[in-house]
Amino acid sequence: MTVVVPFYRHDLGTFELDAIADVFRGPILTTGDTVSAFEQAFALFLGRRHAIGVTSCTGAMHMALMALGIGLGDEVITTPMTFIATAAAILEAGATPVFVDVEPDTGNIDANLIEAAITPRTKAILPVHLYGLLCDMRALRAIADKHGLAIVEDAAHCVEGIRDGIRPGGLSNAACFSFYATKNLTCGEGGALTTDDPALLESLRLLRLHGMTKSAADRHREGYQHWDMKILGWKYNMDNIQAAMLIPQLRRLESKLKERERLARLYEERLGGLNWLQIPALPQNTVHARHLFPVWVEGPLRDQMIRGLQERGIQTVVNYRAIHLTSYLKEKLGHAAGDFPVAESIGERTLSLPYYPGMPDGHIDIVCDALQAVAAQTRK
Ligand SMILES: *Cc1c(COP(=O)(O)O)cnc(C)c1O
């Protein structure tokens with residue numbers, strides 16, 4: 001198949017190459033000063049006290065739950081409308097994901113349904129800011145306070161988002177970010193957490209590197225000193241090469257968000273009036289991080305759309321089919337079709353269109369024309 005309209009293209013270039021070259025000229029390839037510089041800049045961007053660089057958002061969520069002492073026998077409330085990593089991180093921590101259905105107009109976890117899912121075992125809520133739209137964090141915070149729960153955010157889609165003046169991490173114990181290849185901020189593979197809690201930060205620092213009290217950079221700076229293993233940790237530390245790629249991109253985030261906004265408006269102008277297609281809602285007082293541009297079509301249309309667009313050289317992706325119906329989670333957690341009807345309905349109708357800063361405006365026309373052509377063929 002010839003690709004006419006790619007789903008995504010990164011915009012890494014000379015700034016990132018120069019930054020990587022600087023790391024090559026220095027002594028430390030692994031976690032060191034470049035990671036610290038990124039952590040400071042990232043925390044500043046989000047208005048948080050601390051950030052900590054890791055190798056993935058999956059690892060970040062796993063570590064955050066461990067650092068909060070959440071594990072075997074505990075339940076964590078989350079959404080089935082997400083990538084499997086959200087539930088996997090809870091299971092890796094030894095806890096049980098408890099799904100709550102989502103809002104029909106946004107796909108985010110429905111705060112009104114959370115209290116009914118709380119049990120004496122519930123320890124935390126793990127909301128996902130789907131597509132880049134922040135959940136109603138004030139509502140989630142109120143529920144968490146009432147029941148003494150922690151909040152860990154899956155902000156993989158949402159570095160730039162703001163809602164009611166709140167950014168990711170503003171009302172939670174920790175927010176977790178992904179720098180995976182197609183995310184708004186990327187180093188191929190990578191992630192970070194933010195927190196305002198110095199005690200949590202200390203645990204996270206230990207957890208990301210085997211529970212060791214000294215790192216390679218410490219040895220380089222201070223000379224060799226005996227170190228200790230304080231706790232059982234993981235190998236989740238971000239390296240200087242990853243951090244080097246991320247720092248120059250922080251300066252472009254705002255201008256790229258404006259471009260994402262402009263492209264979203266072009267799509268909305270073309271697709272807004274179609275009765276077989278729904279665009280997820282944008283609540284008041286919100287800056288959307290615009291990670292993805294999904295449309296929700298009539299159920300039977302979706303898979304025909306994917307095929308029809310593919311035949312025309314247009315790449316699309318599904319984010320996501322409701323994850324409680326994947327073989328493993330269905331079996332492990334004892335779920336069945338119908339358990340979370342709203343998430344299932346969105347999962348059967350959603351289709352993410354090609355969308356990235358630098359995408360030619362003409363590609364939007366090609367995609368919208370193709371969507372209408374396939375709909376005209378199949379909706380007879
Ligand atoms: C990408 C993604 C993750 C996983 O991020 P990694 O950095 O690949 O571990 C988790 N949750 C959501 C919603 C994602 O889109």
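Keep in mind that what you see is a predicted model, and the values were worked out from it rather than measured.

S.K.: When you look at the site of the ligand in this model, what are you seeing that I'm missing?
M.R.: Surrounding the ligand, one finds 17 residues, the nearest of these being T58, D154, H157, S178 and K183. One of the backbone N or O atoms of C57 is found 2.9 Å from an oxygen atom in the ligand. Between the ligand and Y320 there is a distance of 3.0 Å, counted from an oxygen atom to a side-chain nitrogen or oxygen. Protein burial of the ligand: of its 380 Å² of free accessible surface, 93% is covered by the chains. Only α3 (57–67) and α4 (84–92) provide two or more residues apiece to the shell around the ligand. A breakdown of the residues in the shell around the ligand according to their chemical character gives 8 nonpolar, 7 polar and 2 charged.

S.K.: Which parts of the structure should I look at to understand the nonpolar core?
M.R.: Among soluble globular proteins, nonpolar side chains are generally buried collectively. Core analysis: the biggest nonpolar cluster contains 44 residues, and F38, F42, I114 and F179 have the highest contact counts within it. Looking at this core, the element that brings in the most residues is helix α2 (residues 33–46), giving 6 residues. Counting residues in each nonpolar core, the second largest holds 29 residues, with V54, V152, L201 and Y236 among its members.

S.K.: What's the story with the sheet that holds strand β1 (residues 50–54) in this structure? I'm lost.
M.R.: Neighbouring strands of a sheet are bound in pairs by backbone hydrogen bonds; such pairs are parallel or else antiparallel. The strand order across the open sheet formed by 7 strands is β1-β8-β7-β5-β4-β2-β3, and the pairing between neighbours is mixed. In this open sheet, the two strands that pair with only one neighbour each are β1 and β3 (96–99). Between one strand axis and the next, the sheet turns by 25° as a mean value, whatever way the strands run. Across the sheet, α3 is in contact with β1, β2 (75–78), β4 (122–126), β5 (150–154), β7 (174–178) and β8 (191–195); its angle to β7 comes to roughly 165°. Along the sheet, helix α6 (residues 198–207) contacts β1, β7 and β8; its crossing angle with β1, the most-contacted strand, is approximately 15°.

S.K.: Would you take a moment to explain the packing of aromatic side chains for this structure?
M.R.: Remark: the centre distance and the inter-plane angle together describe each pair of aromatic rings, the angle taken between the planes. The tally for this structure, following the rule as stated, stands at 10 aromatic pairs. Taking 6.1 Å as the distance between ring centres and 35° as the angle between the ring planes, the aromatic pair formed by F83 and Y320 counts as tilted. Of this pair, F83 sits in the loop between β2 and α4 while Y320 sits in the loop between α10 (301–311) and α11 (327–333); the two residues are 237 residues apart in sequence, bridging distant segments of the chain. Taking the relative accessible area as the measure of exposure, F83 reaches 45% and is therefore partly exposed. A relative accessible area of 12% means that Y320 is categorised as buried. Between F99 and F340 the ring centres are 6.1 Å apart and the planes differ by 80°, which places this aromatic pair in the edge-to-face class. Separated by 241 residues along the polypeptide, F99 in strand β3 and F340 in the loop between α11 and α12 (341–349) bring together distant segments of the chain. For the pair shown, F99 and F340 are each scored as buried. Positioned above the aromatic ring of F45 is the side chain of R167, whose terminal nitrogen or guanidinium carbon lies 5.2 Å from the ring centre.

S.K.: What exactly am I supposed to notice about unusual backbone geometry here?
M.R.: Glycine aside, residues mostly have negative phi angles, and peptide bonds mostly take the trans form. With an omega of 5°, the peptide bond between N319 and Y320 qualifies as cis. A positive phi angle, close to 60°, is found at H210, a residue other than glycine. Its location among the elements puts H210 in the loop between α6 and α7 (216–222). The backbone of R290 sits at a positive phi, close to 50°, despite the residue not being glycine. Tracing the chain through its elements places R290 in the loop between β10 (286–287) and β11 (293–297). Note on R290: relative accessible area 8%, which makes it buried.

S.K.: Teacher, can you tell me more about the sheet that holds strand β12 (residues 350–353) here?
M.R.: The strand order β9-β11-β12 describes an open sheet built from 3 strands, whose pairing is antiparallel. Looking at the sheet topology across the chains shown, the edges are occupied by β9 (277–278) and β12. Taken together, the 4 bridges between β11 and β12 define a ladder with antiparallel strand orientation. When the bridges of β12 are listed, F293 appears paired with L353. Helix-sheet contacts for helix α9 (residues 253–271) involve β9, β11 and β12, and the interaxial angle to β11 is about 20°. Against the sheet, α12 engages β9, β11 and β12, with an angle of about 50° to β12.

S.K.: Would you mind showing me how to read the environment of E115 here?
M.R.: Take E115: it is sitting in the loop between β3 and β4. Non-local contacts of E115, meaning those with residues more than four positions away in its chain, are made with I143, K146 and H147.

S.K.: Whenever I open this one, helix α1 (residues 14–25) confuses me. Can you help?
M.R.: Given 3.6 residues per helical turn, the α-helix brings residues three or four places apart onto the same face. Here α1 contains 12 residues, and its C-alpha end-to-end distance of 16 Å stays within 8% of the 16 Å for a straight helix at 1.5 Å per residue. All of the buried residues in α1 are E16, A19, I20 and V23. Buried residues along α1 cover an arc of 100° about the axis, so they all sit on one side. Structural note: α1 exposes T14, L17, D22, F24 and R25 on the side pointing more than 90 degrees away from its buried face. Those residues of α1 that are buried lie in contact with α2 and α8 (240–250).

S.K.: Looking at this structure, I do not really get the state of the cysteines. What am I missing?
M.R.: Tallying each qualifying case throughout the model produces 0 disulfides. C135 carries a free sulfur, and the closest cysteine sulfur to it, the one in C158, is 8.7 Å from it.

Rules and cut-offs
- Residues numbered from 1 in each chain as written.
- Predicted model: local features only at pLDDT ≥ 70, side-chain atom pairs only at ≥ 80, totals over all residues.
- Heavy atoms only, no water.
- Near = heavy atom within 4 Å.
- Polar contact = N/O pair within 3.5 Å; in protein donor to acceptor, adjacent residues only side chain to side chain.
- Areas by Shrake-Rupley, 256 points an atom, 1.4 Å probe, with all protein chains shown as cover.
- Helix = DSSP H or I, 4+ residues; strand = E, 2+ residues; numbered from the N terminus.
- Nonpolar A, V, L, I, M, F, W, Y, C, P; charged D, E, K, R; others polar.
- Core = buried A, V, L, I, M, F, W, Y, C linked by side-chain atoms within 4.5 Å.
- Buried < 20%, exposed > 50% of the residue type's maximum accessible area, 1.4 Å probe, protein only.
- Pairing = 2+ DSSP bridges.
- Axes fitted to C-alpha atoms, helices over the stretch in contact; angles between N-to-C directions.
- Contact = heavy atoms within 4.5 Å.
- Phe/Tyr/Trp six-rings, centres within 6.5 Å; stacked < 30°, edge-to-face > 60°.
- Lys NZ or Arg CZ within 6 Å of the ring centre and 35° of its normal.
- Expected span 1.5 Å × (residues − 1).
- Arc of directions from axis to C-beta.
- Disulfide = S-S within 2.5 Å.

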